[in-house]
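Chain residues, written in single-letter form:
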Amino acid sequence: MKKFTLAAALGVSALLASQLAVAKEYIVTTSKPDQIHVIDGKERKVVRSYTMPNAAPGSMTIALDENNGIAYALSTGWGSVIGVDLKSGEQVFRADLSGDGRRVRAIQGLTVSPDGKEIFVNCLPVRMGLGEYEVETPYVAVYNAADGVGAEPVRTFEIPRRVAVLTRSNDGTELYALGHDMYVYDPKTGEQIASHKIRTRDNKDRTPPDILDFWNQWEQASMFSTPYFNVDLTKAEDDPSAYRNGMLTMDLENKVFRMEEYEDFAVIIFSTVVNPVRRNEVYGVYSQLSKMDIEKNELIARKDMDHTYYAVNVSEDGSELYAGGTLNDIAVYDTVTLDKIGSIEVPGGNMALSSLRMIDLDL
């Protein structure tokens, strides 16, 4: 009989430990000019910081391949998409958008297919002439993630102007483009298969809704949400109750679109996120932290913040809220009381307009 040595036992233990390693939840964000960070929100610390090559002056929109632990960021003055392996910091993908006599920028729209194989980018092309610029039709460029650094689009399809956000259904069969309406595309063919009315909806009692949103932060509850503002035309212009805030949601699991007003206009809200545990609760940030109930269509609570924050996300257990996207700090709040319970300093320059994304990783 072979002897089972201590060294062999330790080797087996190490192998079992590696196989049983459990992924942990992290925040992913960027800071100027070229940094991407992996942050432990519960422990209030930055655990990884990587430099993205040729990414200056900064990055804004972040999209995640959760299966493979890759973050994609719009960088290089909105002219490139850079993919970074969050475990190693290696650049595993890069698409420089301009070429063939065109200057192409992707200011906002970026998303990844659920299986991580395809990347969708909202491209804004300008033909560069000798004495003039010709603005061309926007389009979605689709890339294969496996094409790596130097990737070229495998297909494109046109979309309307003024699209800000791209996202997709959880099953990958629908691609959503938020603009004057919520346009729905078949991501494989580029065919528009539906639309949900926003500014074109038939409501003579209201002005067309006004939306400012380009933050990706829906992965926790599988629910895209954004505030909107409109005016009740049945009331006098000097009546404060004529000015209304509402909430738009798109359920990425069940493909249900919804728009409902919840309060008279009181504060500006830039972006929102849905609690993954109590999915009726939506949190919004700017100069105040707001909590809304989208089942009862009412404001629950509101508190002033230390300074303005643009981006917000929430822990997978629904207990903590993370606000960032402006300076170099992420504020942590209790989702029940809205009390501030912590702060995380992010190295590098400010995070201006960067997303806050959440991902489970085994680092």
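See the structure printed just above.
Values in this document were obtained by computation on a predicted structure and should not be read as measured data.

> Could you give an account of the side chain of Asp 293, naming the residues involved and the relevant values?
One can find Asp 293 in strand E23 (residues 288-293). Buried and without a salt bridge, Asp 293 has Lys 296 as its closest oppositely charged side chain, separated by 4.7 Å. Looking at Asp 293, its side chain comes within polar contact range of the main-chain nitrogen of Lys 296, at 2.9 Å.

> Give me the environment of Thr 30: which residues, what numbers.
Inspection of the secondary structure assignment puts Thr 30 in strand E1 (residues 24-31). For Thr 30, a relative accessible area of 1% corresponds to the buried category. Residues Thr 30 and Val 346, spaced 316 residues apart in sequence, show a C-alpha to C-alpha distance of 8.9 Å. In contact with Thr 30, not counting residues within four places along its chain, are Gln 35, Ile 36, His 37, Met 52, Ser 59, Ile 62, Met 351 and Ser 354.

> Can you explain unusual backbone geometry? Please cite residues and give values.
Lys 32 connects to Pro 33 through a cis peptide bond whose omega is 0 degrees. For Pro 33, the location among the structural elements is in the loop between E1 and strand E2 (35-40). For the peptide bond that leads from Ala 56 to Pro 57, omega is 10 degrees, which places it in the cis range. Locating Pro 57 in the fold gives a position in the loop between strand E3 (45-51) and strand E4 (62-65).

> Give me the lowdown on the sheet that holds strand E18 (residues 223-231), citing residues and values where you can.
With antiparallel pairing, the 3 strands of this open sheet are ordered in space as E18-E19-E20. Lying at the two open borders of the sheet, with one neighbouring strand each, are E18 and strand E20 (256-264). Neighbour to neighbour, the strand axes of the sheet diverge by 25 degrees on average, direction disregarded. Two elements, E18 and strand E19 (residues 243-251), share 9 bridges in a ladder whose sense is antiparallel. The residue bridging Tyr 228 from the neighbouring strand is Gly 246, located in E19.

> So, the pattern of salt bridges: which residues are in play, and what are the values?
If charged atoms from side chains of opposite charge come close, those side chains can pair. For the structure on display, the rule yields 23 salt bridges. Between Arg 279 and Asp 251 there is a salt bridge whose closest N-O contact spans 3.8 Å. Taken as a pair, Arg 279 in the loop between strand E21 (269-274) and strand E22 (281-286) and Asp 251 in strand E19 lie far apart in primary sequence, 28 residues in all. Among the salt bridges present, the one from Asp 339 reaches Lys 303, with a minimum N-O distance of 2.4 Å. With Asp 339 in the loop between strand E27 (329-334) and strand E28 (340-345) and Lys 303 in strand E24 (residues 298-304), this pair connects stretches of sequence that are 36 residues apart. Overall, the relative accessible area of 34% leaves Lys 303 in the partly exposed class. A network of salt bridges, in which partner residues are shared, links Arg 206, Asp 232, Arg 244, Glu 261 and Asp 264.

Definitions and cut-offs
Residues numbered from 1 in each chain as written. Predicted model: local features only at pLDDT ≥ 70, side-chain atom pairs only at ≥ 80, totals over all residues. Heavy atoms only, no water. Helix = DSSP H or I, 4+ residues; strand = E, 2+ residues; numbered from the N terminus. Buried < 20%, exposed > 50% of the residue type's maximum accessible area, 1.4 Å probe, protein only. Lys, Arg positive; Asp, Glu negative; His and termini not counted. Salt bridge = Lys/Arg side-chain N within 4 Å of Asp/Glu carboxyl O. Polar contact = N/O pair within 3.5 Å; in protein donor to acceptor, adjacent residues only side chain to side chain. Contact = heavy atoms within 4.5 Å. Pairing = 2+ DSSP bridges. Axes fitted to C-alpha atoms, helices over the stretch in contact; angles between N-to-C directions.

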